[in-house]
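Results of the structural survey
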Amino acid sequence: MNAGSDAETCQGVTFNFSSQVTPASATNYASLLWTHTGTGTLFNANTLTPTYQPGAGETGAVTFTLTANGNGSCAPVNDQMILTITPAPVVNAGSDAETCQGVTFNFSSQATPASASNYSSILWTHTGTGTLTNATTLTPTYTPGAGETGSVTFTLTANGNGSCAPVNDQMVLTITPAPTVNAGSDAEICQGGNFAFSSQLVPASAANYSSLLWTHTGSGTLFNANTLTPTYFASPLETGTVSFILTAFGNGSCVSVNDMMDLLITPAPIANAGSNDAVCEGTASFDFATRALPASFANGSVSWSHTGSGSLSNPSDINPVYTVNASDVSTTITFTLTVTSPSSVCAPSTSQFILQVNRAAQVSVPIPVTTVCEPQKINLSGFIGGSASSGSWSLITGGGSLSVSSITGLNVTAVYDTVRADVGNTLVFRLTSNDPDGTGPCVPAYADQFITVEESPKVFAGNDFQVCEYEDINLNGSFGGSASSVTWSGGVPAQYDNINNPITTYNLSSSERSASNLVLTFTLTTNDPPGVCPAVSDNVVVSVRDTLSSVAFTPVLASVYAENDPPVDLTFAATPLGGVYSGPGVSGMFFYPVNCQHHSATTQPYYLYLSGSGHGLLQRTEQAGDREPYYRCEFCAAG
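Residues numbered from 1 in each chain as written. Predicted model: local features only at pLDDT ≥ 70, side-chain atom pairs only at ≥ 80, totals over all residues. Heavy atoms only, no water.

A word on the overall build of the chain. Helices and strands together make up the secondary structure of the chain, namely one helix and 60 strands. Computed over its C-alpha atoms, the radius of gyration of the chain comes to 76 Å, more than 25% above the 26 Å expected for a compact globule of 639 residues. Each principal axis of the C-alpha distribution contributes one length, and for the chain these read about 245 × 55 × 35 Å. In the chain, which comprises 639 residues, the share counted as buried stands at 40%. (Helix = DSSP H or I, 4+ residues; strand = E, 2+ residues; numbered from the N terminus. Rg over C-alpha atoms; globule rule 2.2 N^0.38 Å. Buried < 20%, exposed > 50% of the residue type's maximum accessible area, 1.4 Å probe, protein only.)

Set out below in structure tokens:
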């Protein structure tokens, strides 16, 4: 009997003894029986070729004893063989994993590492296009192929020991597409503007990202920074280059990527035309630099335009000179300053100022220099024009008084009352307009009138008086001023004692004495002095009273009266009664000394009493140095 050669099987694999290299054999036996030391189950144990099913997890050596029971009295005999149960290989490819496009994956980074046991060798295989390094280890390294994305299946095969068949397991490596980003083309805006990224010549783009984010180096504000087309609002003073970084955050394990674009913020042109101003008619030119606030500019080139009829010295100069045209008067000229940036992204900047060309006030006097003969009043007349709406006369030199000016249309008049001190002097009167534009450039206009006052000749022929027909006429004239001589006229020249003497006697002729109710007018005329003053004359009327009967004055009348004496009743002052008194201080039948007029001793007033039967003269005389008047009566002789 022979139990056969030892054998080997794999864990969990049924062993059929018929596969022994040297099969079991026996002869001369009544029966056979296999026994074993294993945990498994032996089928057909009474045959030479049983089958052994190892127990669960059974490995190692199992001794099988084949017993042959003899025939007759033959004792049993046995033989042994050893079945080696080789542990079956075990393999686990580990947990699925993820890597990013183009990023090498090391299997040592698996959350659940790959593992294997009871193997003679291991080998990784894959479905990808990349390269697997160290494929016979549990921790190989996989480098994805160019552009490779998606799922790659990796199979880990463990080759068994002994008769154990290979086993394998799989894991899936997901290759996530790597994010790509392009911030787009650089751009330019003008200061104070905003930039919409949708306007880029080459738009920003990104792919394979989980999210986007723009960041920047500027001081402005970026809206919609998580999109490909945000909008940047630059701060008002911001200029220069602002860098924008577009970051695309990857999916899976892909790291973020970014790209940059530059936004050039060009300084905006600045135009400040300066303060408004005004010039007055007659101003030849206006220099822009003379204003309270001159023009200024920045970030561009200058150009001036205007609405006037004049011309600019240099429109590209920030402070040119404007030549005022006559037709600019009474108009408002708008000057526009345009500053043009060298960059097309900036619109020209404009600013304006207003220049008013105000009409000047005008005044005129008909005769600026004239000479007048000593008047009591001087009538002044002048004219306003231009922008003047009112005017007034003022006295520059002169001692008299000037009335308030009166305006009729454009004519301004006033009246000057002269005084004695004006004679022989030149008076200066000034006609001044109002200020036509207030605090503006035009000032009041004025014109002076020079009036020389020449002294006039003066003449006084005396007060009218009466004489009795038997008296001669004593003429008491006077002259002065610029008169140097006088001449009497009236009556018969030969009857004057001296026709060129202001105080002279006119001798009545017999015919004049005999005439009834004779009234003579004597004229005293001066010579014509040099200059504008003419000769002047004055008249004195002399009544020659006829003597028809005598009048007797009673003692009622005193010979002397003081000015403060009480009134005198003249009812019984003369006979015959019933006459009429006349003369200074006489009112009805009363004589009022207080109303007597004082004259020099040579000019005596006469008081006449008339009655139906005759008349008499009451003559008031005044002694030199004595202001007390006194009266004397003279009776006209009958006839």
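On to the packing of aromatic side chains. Each aromatic ring pair is described using two quantities: the centre-to-centre distance and the angle formed by the ring planes. If you walk through the whole model with that rule in mind, you get 26 aromatic pairs. Summarising the aromatic geometry, the rings of Phe 107 and Trp 124 are spaced 4.8 Å apart at their centres and angled 50 degrees between planes, so their arrangement reads as tilted. Linking Phe 107 in the loop between strand S10 (105-106) and strand S11 (115-117) with Trp 124 in strand S12 (residues 119-126), this pair joins segments that are 17 residues apart in sequence. Aromatic side chains Phe 590 and Tyr 592 sit 6.3 Å apart centroid to centroid with 35 degrees between the ring planes, which places their arrangement in the tilted category. (Phe/Tyr/Trp six-rings, centres within 6.5 Å; stacked < 30°, edge-to-face > 60°.)

To continue, consider the sheet that holds strand S33 (residues 331-340). Here four strands make up an open sheet; going across it, the order is S27-S34-S33-S30 and the pairing mixed. The strands lining the two open edges of the sheet, one partner per strand, are strand S27 (277-280) and strand S30 (301-306). The mean angle between the axes of side-by-side strands here comes to 25 degrees, regardless of whether they run parallel or antiparallel. Sheet topology note: the S30/S33 ladder contains six bridges and is antiparallel. Bridging from a neighbouring strand, Ser 301 pairs with Thr 340 of S33. (Pairing = 2+ DSSP bridges. Axes fitted to C-alpha atoms, helices over the stretch in contact; angles between N-to-C directions.)

Among the structural elements, Ser 484 can be located in the loop between strand S47 (478-481) and strand S48 (486-489). Residue class for Ser 484 comes out exposed when judged on its relative accessible area of 55%. Placed 26 residues apart in sequence, Ser 484 and Lys 458 show a C-alpha to C-alpha distance of 9.7 Å. For Ser 484, the residues in contact, after removing those within four places along its chain, are Phe 479 and Asn 527. (Contact = heavy atoms within 4.5 Å.)

Under the criterion given, the structure shown has five disulfides. Across the disulfide, Cys 373 is cross-linked to Cys 533 (sulfur-sulfur distance 2.0 Å). Across the S-S bond of Cys 373 and Cys 533 the torsion is about 115 degrees, and the bridge reads as right-handed. Residue Cys 373 is found in strand S36 (residues 369-373), and its partner Cys 533 is found in the loop between strand S50 (518-526) and strand S51 (537-545); the two are separated by 160 residues along the sequence. Here Cys 533 falls in the buried class, since its relative accessible area comes to 1%. (Disulfide = S-S within 2.5 Å.)

With that out of the way, let us pick up the pattern of salt bridges. Per the stated rule, a full pass over the model turns up seven salt bridges. Glu 374 serves as the salt-bridge partner of Arg 420, at 3.1 Å between the closest nitrogen and oxygen. Residue Arg 420 is located in the loop between strand S41 (411-417) and strand S42 (426-433), and its partner Glu 374 is located in the loop between S36 and strand S37 (377-386); the two are separated by 46 residues in the primary sequence. Asp 448 is the partner of Arg 430 in a salt bridge, and the nearest nitrogen-oxygen pair spans 2.6 Å. Here the residue Arg 430 occupies a position in strand S42, and Asp 448 occupies one in strand S43 (residues 446-454), the gap between them amounting to 18 residues. (Salt bridge = Lys/Arg side-chain N within 4 Å of Asp/Glu carboxyl O.)

We now examine the environment of Thr 521. By the element assignment, Thr 521 lies in strand S50. Placed 305 residues apart in sequence, Thr 521 and His 216 show a C-alpha to C-alpha distance of 121 Å. What Thr 521 contacts, discounting residues up to four positions off in sequence, is Ser 489, Gly 490, Asn 539, Val 540 and Val 541.

Our next topic: a nonpolar patch on the surface. Taken together, the side chains of Val 556, Phe 572 and Leu 577 define a hydrophobic patch exposed on the protein surface, amounting to about 290 Å² of accessible area. Mapped onto the fold, Phe 572 is located in the loop between strand S53 (568-569) and strand S54 (574-575). Note on Phe 572: relative accessible area 53%, which makes it exposed. (Patch = residues over 30% accessible without salt bridge, like charges linked within 9 Å, V, L, I, M, F, W, Y side chains within 5 Å. Areas by Shrake-Rupley, 256 points an atom, 1.4 Å probe, with all protein chains shown as cover.)

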